[in-house]
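Each chain is listed here by its residues.
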Amino acid sequence: MINEHVETYLKSLAPVRCEQVEMIEAYAKEHQVPIMDLVGMESLLQLLKLHQPKRILEIGTAIGYSAIRMAQALPDVEILTIERDRARYEEAIKNIKALNLMDRIEVKYGDALDLAQILESAPLFDVLFIDAAKGQYQRFFDLYGRFVKTGGVIYSDNVLFRGLVADENIDNKRLRKIAEKINGYNQWLINHEGYDTRILPVGDGLAVSIKHLEGR
């Protein structure tokens, strides 16, 4: 995890976003909607530019921020994203429409744990991005990893959980349980024979898993 001064410095160096994107960032802050940290977002976008994926699957749309940023950074990409919260789903649709990206971003409403079957006959994805309920990360990975091409990448956000995964003395019982779950996920990822995983200390922690297994 980078310290606060370095994080502030890196944010000051981040490229200027368009007015609509900055409005989404402000809305998220005001309404306490969890969107990807700016430093983590910029790091993910740089990795995606190196990879140049054509199809991205996102678990956890929220209000559309990361899907919009990915679509803007990759003009040829198509994104399918899933959101279970009705209010956030509707806000995402509004934001995506405002930026004229509905032709490249498809938003599905529903719980991702119940929707995997919709992809059974769909083309495989180059990238899977998991940014949803932290306690369900392993289930999301298992359910949707089979829809990622061999050589594709699975990104998992928030895997350092404010640094709490490395803290053995957490007083808050709820936070301790979440940290334990995320630590268990990280250990499982690192030791997964079908993927080569490294965890990057950017934003709130980004796991990068390169797939070696055959899709589906």
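Refer to the structure above for everything that follows.
The structure presented is a predicted model; accordingly, all values stated were derived computationally and were not measured.

**Details of the packing of helix 3 (residues 38-51) against helix 4 (residues 65-73)**
Piece 1. Where helix 3 contacts helix 4, the two axes come as close as 10 Å, and the packing angle between them is 40°. Accordingly, the angle class assigned to the pair helix 3 and helix 4 is oblique. By crossing handedness, the relation of helix 3 to helix 4 is classed as right-handed. Judged by residue contacts, Leu38, Met41, Glu42, Leu44, Leu45, Leu48 and Lys49 of helix 3 engage Tyr65, Ser66, Arg69, Met70 and Ala73 from helix 4.
Piece 2. By residue class, the composition of the contact of helix 3 with helix 4 is eight nonpolar, one polar and three charged.

**Brief notes about a nonpolar patch on the surface**
Piece 1. On the surface, a cluster of nonpolar side chains totalling about 370 Å² of accessible area is made up of Val6, Tyr9, Leu10 and Leu13.
Piece 2. Note on placement: Val6 falls in helix 1 (residues 4-13).

**Brief notes about the nonpolar core**
Piece 1. Grouped together as the largest cluster of nonpolar side chains are 36 residues, with contacts concentrated most on Leu44, Met70, Ile105 and Tyr155.
Piece 2. Those elements that provide at least two residues to this core are helix 2 (19-31), helix 3, helix 4, helix 5 (86-98), strand 3 (105-109), strand 4 (125-130), strand 5 (148-157) and strand 7 (206-211).
Piece 3. Contacts of Ile105, omitting those with residues within four sequence positions, involve Ala67, Ile68, Ala71, Ile79, Thr81 and Ile96.
Piece 4. In this structure, Ile59, Tyr137, Leu189 and Ala207 belong to the second largest nonpolar core, which totals 32 residues.

**Comments concerning the pattern of salt bridges**
Piece 1. By the definition in use, this model includes 11 salt bridges.
Piece 2. For Glu90, the salt bridge goes to Arg86, with nearest N and O atoms at 4.0 Å. Of this pair, Glu90 and Arg86 both sit in helix 5, four residues apart, which is roughly one turn of the helix.
Piece 3. Judged by its relative accessible area of 46%, Glu90 falls in the partly exposed class.
Piece 4. Within this structure, Glu7, Lys11 and Asp37 form a network of salt bridges that share partners.

**Focus on the packing of aromatic side chains**
Piece 1. Taken as a whole, this structure holds seven aromatic pairs when the rule is applied.
Piece 2. Arranged with centres 5.2 Å apart and planes meeting at 85°, the rings of Phe141 and Trp188 form a pair that is edge-to-face. In this pair, Phe141 sits in helix 6 (residues 137-144) while Trp188 sits in helix 7 (residues 173-190), placing the two residues 47 residues apart along the sequence.
Piece 3. An aromatic cluster is present here, built from Tyr137, Phe141, Tyr185, Trp188 and Tyr195 joined pairwise through their rings.
Piece 4. When the ring centre of Phe125 is taken as origin, the NZ or CZ atom of Arg55, which lies over that ring, is 4.1 Å away.
Piece 5. Seen from the ring of Tyr109, Arg86 lies directly overhead, with NZ or CZ sitting 3.9 Å from the centre.

**Describing the pairing of strand 7**
Piece 1. In terms of residue burial, strand 7 counts as a mostly covered element, since five of its six residues are buried.
Piece 2. Both strand 5 and strand 7 contribute to a ladder of five bridges, which runs antiparallel. The residue bridging Tyr155 from the neighbouring strand is Val208, located in strand 7.
Piece 3. Note that strand 6 (residues 195-200) and strand 7 share six bridges and pair antiparallel. Residue pairing for strand 7: Thr197 is matched across the bridge by Ser209.
Piece 4. Between the antiparallel neighbours strand 6 and strand 7 lie five residues, among them Gly203 with a positive phi of about 60°.

**Considerations on the sheet that holds strand 1 (residues 55-59)**
Piece 1. Pairing is mixed in the open sheet, where seven strands are placed in the order 3-2-1-4-5-7-6. In this open sheet, the two strands that pair with only one neighbour each are strand 3 and strand 6. Put simply, the sheet's adjacent strands are angled 15° from each other on average, direction ignored.
Piece 2. Across the face of the sheet, helix 4 comes into contact with strand 1, strand 2 (78-83), strand 3 and strand 4 while running at roughly 165° to strand 1.

**Topic: helix 5**
Piece 1. The first and last C-alpha atoms of helix 5 sit 18 Å apart over 13 residues, in line with the 18 Å expected at 1.5 Å per residue.
Piece 2. By the burial criterion, the buried members of helix 5 are Tyr89, Glu91, Ala92, Ile93, Asn95 and Ile96.
Piece 3. Where helix 5 is buried, its residues touch helix 2, helix 4, strand 2 and strand 3.
Piece 4. The backbone nitrogen of Ala87 lies 3.2 Å from a side-chain oxygen of the residue at the head of helix 5, namely Asp85.

Parameters and conventions
- Residues numbered from 1 in each chain as written.
- Predicted model: local features only at pLDDT ≥ 70, side-chain atom pairs only at ≥ 80, totals over all residues.
- Heavy atoms only, no water.
- Axes fitted to C-alpha atoms, helices over the stretch in contact; angles between N-to-C directions.
- Helix = DSSP H or I, 4+ residues; strand = E, 2+ residues; numbered from the N terminus.
- Parallel < 35°, antiparallel > 145°, perpendicular 65-115°, else oblique.
- Left-handed = near helix turned anticlockwise from the far one by under 90°.
- Contact = heavy atoms within 4.5 Å.
- Nonpolar A, V, L, I, M, F, W, Y, C, P; charged D, E, K, R; others polar.
- Patch = residues over 30% accessible without salt bridge, like charges linked within 9 Å, V, L, I, M, F, W, Y side chains within 5 Å.
- Areas by Shrake-Rupley, 256 points an atom, 1.4 Å probe, with all protein chains shown as cover.
- Salt bridge = Lys/Arg side-chain N within 4 Å of Asp/Glu carboxyl O.
- Core = buried A, V, L, I, M, F, W, Y, C linked by side-chain atoms within 4.5 Å.
- Buried < 20%, exposed > 50% of the residue type's maximum accessible area, 1.4 Å probe, protein only.
- Phe/Tyr/Trp six-rings, centres within 6.5 Å; stacked < 30°, edge-to-face > 60°.
- Lys NZ or Arg CZ within 6 Å of the ring centre and 35° of its normal.
- Pairing = 2+ DSSP bridges.
- Expected span 1.5 Å × (residues − 1).
- Polar contact = N/O pair within 3.5 Å; in protein donor to acceptor, adjacent residues only side chain to side chain.

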